[in-house]
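A structural walkthrough
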Amino acid sequence: MTVQELTIKNCEDIRQIDGTQYIDKAWREVDGKRQLISIQWQENDLPNGMDWHIKRTKETLAQGGFAFGCYEGNLLVGYGTVSANFFGRTAKYLLLDQLFLSHGFRGKGIGKALFLLCAKKAKEQGADKLYICAGSAEETIAFYHKIGCVEAQEINKELYEADPRDMQMEYRLD
């Protein structure tokens, strides 16, 4: 396995990602309280579709953000992107915009390695924290908690409103 920075030229490699995921349970707001509920959902692609992710990654890179990809040979098996736009009143946040792994490559430490590379580079760019709009699947939230993410102290209203089911999380870069 090799990890490299992605460029606009190799963004099409994202099509190689197998985004399938069975989600048994997800976190949802029920009666004003966050609860883990059964949703039994089969996701057959990356959320919003491949074209959306490719376009979003190209935009991130064109605007000065960065992306890392993990390859097995010539096959992209995971990637992560971070936007270049700082925000926040209480800290200098950068958005971990995407972090995805192919189905057969989850649970092998690749996601953690990509996340930590993104965190290191975000710190080098001057960020205090990474901001994450984490999909609400039980496994996704468990992953972020395991690597040290917590609920965001400062909620980015625009990002929250884009998908209120996402959990707004953060990761300190000190």
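The structure contained in this document is the topic of the report that follows. (Residues numbered from 1 in each chain as written. Predicted model: local features only at pLDDT ≥ 70, side-chain atom pairs only at ≥ 80, totals over all residues. Heavy atoms only, no water.)

The next thing to look at is the pairing of strand β9 (residues 167-172). Most of β9 is tucked away, with five of its six residues classed as buried. Note: strand β7 (residues 129-134) against β9, six bridges, orientation antiparallel. Its bridge partner lying in β9, Lys129 is registered against Arg172. Note that strand β8 (residues 150-151) and β9 share two bridges and pair antiparallel. Within β9, the position partnered with Glu151 by the bridge is Met169. (Buried < 20%, exposed > 50% of the residue type's maximum accessible area, 1.4 Å probe, protein only. Helix = DSSP H or I, 4+ residues; strand = E, 2+ residues; numbered from the N terminus. Pairing = 2+ DSSP bridges.)

The subject of this paragraph is the packing of aromatic side chains. Counting across every chain of the model gives eight aromatic pairs. Summarising the aromatic geometry, the rings of Phe87 and Tyr131 are spaced 5.4 Å apart at their centres and angled 75° between planes, so their arrangement reads as edge-to-face. Pair noted here: Phe87 is in the loop between β5 (75-82) and β6 (93-101) and Tyr131 is in strand β7, with a separation of 44 residues, a long-range link. Each member of the pair Phe87 and Tyr131 is classed as buried. With a centroid separation of 4.9 Å and an interplanar angle of 85°, the aromatic rings of Phe115 and Tyr171 are classed as edge-to-face. With Phe115 in helix α2 (residues 110-124) and Tyr171 in strand β9, the pair connects residues that are 56 residues apart, well separated along the chain. By relative accessible area, which is 16% here, Tyr171 ends up buried. An aromatic cluster is defined as three or more aromatic residues linked by ring pairs; in this entry it consists of Phe115, Phe143, Tyr144 and Tyr171. Taking the ring centre of Phe86 as reference, the NZ or CZ of Lys92 above it sits at 4.8 Å. The ring centre of Phe66 lies 5.4 Å from the NZ or CZ of Lys121, which sits over that ring. (Phe/Tyr/Trp six-rings, centres within 6.5 Å; stacked < 30°, edge-to-face > 60°. Lys NZ or Arg CZ within 6 Å of the ring centre and 35° of its normal.)

Structurally, the α-helix is built with 3.6 residues per turn, so residues lying three or four positions apart point the same way. For helix α1 (residues 50-62), with 13 residues, the first-to-last C-alpha span of 18 Å sits near the 18 Å given by 1.5 Å per residue. Buried within α1 are the following residues: Met50, His53, Ile54, Thr57, Thr60 and Leu61. Considered in projection along α1, the buried side chains sweep an arc of 125° and stay on one side of the axis. Facing away from the buried side of α1 by over 90 degrees, the exposed positions are Asp51, Lys55 and Ala62. As for α1, its buried residues are in contact with β4 (66-72), β5 and β6. Residue Gly64 follows α1 closely and has a positive phi angle near 100°. (Expected span 1.5 Å × (residues − 1). Arc of directions from axis to C-beta. Contact = heavy atoms within 4.5 Å.)

A few words now on the state of the cysteines. Summed over the entire model, instances satisfying the criterion amount to zero disulfides. Left unpaired, Cys11 is separated from the closest cysteine sulfur, that of Cys118, by 13 Å. With no disulfide partner, Cys70 has as its closest neighbouring cysteine sulfur the one in Cys118, 12 Å distant. Residue class for Cys70 comes out buried when judged on its relative accessible area of 4%. (Disulfide = S-S within 2.5 Å.)

With that out of the way, let us pick up the nonpolar core. Membership of the largest hydrophobic core comes to 28 residues, with the highest contact counts inside it found for Leu96, Phe115, Leu130, Ile132 and Tyr144. Listing elements by their share of this core, those giving two or more residues are β4, β5, β6, α2, β7, α3 (138-146) and β9. Top contributing element to this core by residue count: α2, with six residues. Ignoring sequence-local partners within four residues, the contact set of Leu130 consists of Val82, Tyr93, Leu94, Leu96, Phe115, Cys118, Ala119, Ala122, Met169, Glu170, Tyr171 and Leu173. Leu6, Ile14, Ile54 and Tyr71 belong to the second largest nonpolar core, which has 12 residues in total. (Core = buried A, V, L, I, M, F, W, Y, C linked by side-chain atoms within 4.5 Å.)

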